[in-house]
Number of protein chains: 2
Amino acid sequence: MDELLTPLTQGSRRALSRAITLIESTRADHRERAVALLASLPDGHALRIGMSGTPGVGKSTFIETFGTMLTEQGLKVAVLAVDPSSTRSGGSILGDKTRMETLSRNPKAFIRPSPSRAELGGVARRTREAIRLCEAAGFDLILIETVGVGQSETLVAEMADLFVLLLAPAGGDELQGVKRGIMEMADIILVNKADGDLLPTARRTVADYAGALRLLRKRPQDPDGFPKALPVSAVAGTGLQEAWDDMQALTAWRREYGHFEATRARQAQHWFLAEVRTGLLARLETPEARDRLEQLGRDVAAGDTVPGAAAKQMLDWLKT
Amino acid sequence: MDELLTPLTQGSRRALSRAITLIESTRADHRERAVALLASLPDGHALRIGMSGTPGVGKSTFIETFGTMLTEQGLKVAVLAVDPSSTRSGGSILGDKTRMETLSRNPKAFIRPSPSRAELGGVARRTREAIRLCEAAGFDLILIETVGVGQSETLVAEMADLFVLLLAPAGGDELQGVKRGIMEMADIILVNKADGDLLPTARRTVADYAGALRLLRKRPQDPDGFPKALPVSAVAGTGLQEAWDDMQALTAWRREYGHFEATRARQAQHWFLAEVRTGLLARLETPEARDRLEQLGRDVAAGDTVPGAAAKQMLDWLKT
């Protein structure tokens, strides 16, 4: 039994941190230990909330205020960041703990930044495994946060029970800028900064998004009134309880009508297939395979062989 | 020796058609025969020109006029279409031969539509193999035509010696609509419909694109003055010779300074790696592998096992 297992399931944040570092490692012996640890984890009960929002929308402040509110209600909150841009630059400059200073010092909260220098596929696996670790450590709510770019939202939606989109008050033109695919993923749209001078604009934006959501195809996993748009102010702390009430109501409905478990089952199948593909392609990453690929690549470039024939040679070699 | 080889290398269009049908087949015995045939092909000398243009820009008319002009100069011209949308709809409604009626009856020309019901990866392999067949059949110029959407342009650029972008006369705003990535691929931008009332607009559009091209990073494979923008009229037949002169000048320069061969070598390496990846993932497509994936997927969905453990089981099974 792994030495991390007992302290982890007792809720030790230190053990949780070390376990996440373990699953992020690419060293073969670490990986083997990580797989064994993951297989021995007890089931958790956490709600997984995916959250996306473009930079400047106030996502850190929202998570800080929202997370603090939930911990005050007795919940244990984990925040996992999925930021492919930070993987490119080798980590965010300020770091997530600086962004969420109050929450990071809260004993009922746990914040883990995006790992640096990982590929999107690696980020996906690492995040799913980190979710399992947080659940085993007794967290009630896991916020999986991503920036509003490209594939990372799809990835987060594929591992979350709910998907929340945090947007800024905006004119009708800017509303068009939210991609249809992202809108279709959202269960709840929160229009932040609904305070002070921006309150009327925020209310209008909520109405605009509500209208846009009504135009989307009705999904089986949505009760009446969902997906919905709501105004919030992370700074003033308004609308957060209402948003949480809606998240809980939606979750309760989905649990009751079997959609919650069905979605998790579908997601598990999706990740199973993704891991098989990743694992198969990983056979090209061993030192021996790389050497051989490089050598055959040189032959192909020199015109000594054609791509198809060289590929066949490589595939035959991989079979042995 | 394959019975198609001799007639193919003697330039039989019927043999060429049958050989392309052979490489498009997914039947295992056909595939084996195709690989053997491809390995026995003599080298060709054709220039490969990738061409993209959004619907309505007059691409078919351009290829018809341009191709006819080149055949009149004694060249043998093959046109291969790469249209992922036709693969989705199961073939274009009218078909490429209807689109290019004159050229399709020209004995010095050969037109082959996009295969229906193939995935983009399959289209890539099929098109590269069709290029090799056309070259072995003695064609001098191979136009690889694609529609202006998504990944198909990147794919075509990766198999062409030159990439030509055919655009319509447009205002400054529409110019912004051409994605930067597509602009960066272009060696020559042709603004079509430079005739009649549209001539002044077309000239202004050429100047606009020329300005935009000057703002792009200088590439080592470009001599002075390239990439460039030119006005053409497929309907009036004007500008086509100038465009062809430029294509030849650019090709001659690239040959002289080693860029032509270097690009082909890099492309061959790219396709070698792509084929290795595709071939590896094809191991998941056998009936036995599909059965096993389905069964493990059910276990994962039922919660009897976790995605990582099921993936490991599948990968171990694939190894045996």
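Just so it is clear, the structure is predicted and the values come from calculations on it, not from any experiment.

(A) How the structure looks around the overall build of chain A. Each helix and strand counted, chain A has 16 helices and 7 strands in total. Its C-alpha atoms give chain A a radius of gyration of 22 Å, near enough to 20 Å, the size a compact globule of 320 residues would have. Out of the 320 residues in chain A, the part that is buried amounts to 50%. The contacts of chain A with a sequence gap of at least 6 include a subset with a gap of at least 24, amounting to 77%. Accessible surface, chain A as shown: approximately 15,100 Å² in total, 52% of it carbon and sulfur. Put simply, chain A has 41 plus and 41 minus side-chain charges, and the middle of one group is 2 Å from the middle of the other.

(B) How the structure looks around the relation of the copies chain B and chain A. For the pair chain B and chain A, the relating rotation is 180°, the translation along its axis is 0.1 Å, and the fit reaches an RMSD of 0.1 Å. In short, the pair behaves as if placed about a two-fold rotation axis.

(C) Representation of unusual backbone geometry. Residue and element names in this part refer to chain A. In this chain, Phe-226 is followed by Pro-227 through a cis amide linkage whose omega measures -10°. Positive phi, close to 70°, is recorded for Lys-193, a residue that is not glycine. Of note, Lys-193 is situated in the loop between β6 (188-191) and α12 (199-214). On the basis of relative accessible area, Lys-193 is assigned to the partly exposed category, the value being 30%.

(D) Molecular detail of the packing of helix α2 (residues 13-24) of chain A against helix α3 (residues 28-39) of chain A. Residue and element names in this part refer to chain A. Running from N to C, α2 and α3 cross one another at 125°; their axes reach a closest spacing of 8 Å. Considering the angle they form, α2 stands oblique to α3. At the point where α2 passes α3, the crossing takes the left-handed sense. Between α2, through Ala-19, Leu-22 and Ile-23, and α3, the contact on the second element is made entirely by His-30, Arg-31, Arg-33, Ala-34, Leu-37 and Leu-38. Considered class by class, the residues forming the contact of α2 with α3 number 6 nonpolar, 1 polar and 2 charged.

Rules behind the numbers
- Residues numbered from 1 in each chain as written.
- Chains lettered and ligands numbered in written order.
- Predicted model: local features only at pLDDT ≥ 70, side-chain atom pairs only at ≥ 80, totals over all residues.
- Heavy atoms only, no water.
- Helix = DSSP H or I, 4+ residues; strand = E, 2+ residues; numbered from the N terminus.
- Rg over C-alpha atoms; globule rule 2.2 N^0.38 Å.
- Buried < 20%, exposed > 50% of the residue type's maximum accessible area, 1.4 Å probe, protein only.
- Contact = heavy atoms within 4.5 Å.
- Areas by Shrake-Rupley, 256 points an atom, 1.4 Å probe, with all protein chains shown as cover.
- Lys, Arg positive; Asp, Glu negative; His and termini not counted.
- Charge placed at Lys NZ, Arg CZ, Asp CG, Glu CD.
- Least-squares fit on C-alpha atoms with pLDDT ≥ 70 in both.
- Axes fitted to C-alpha atoms, helices over the stretch in contact; angles between N-to-C directions.
- Parallel < 35°, antiparallel > 145°, perpendicular 65-115°, else oblique.
- Left-handed = near helix turned anticlockwise from the far one by under 90°.
- Nonpolar A, V, L, I, M, F, W, Y, C, P; charged D, E, K, R; others polar.

No statement about biological role is implied by the geometric values presented.
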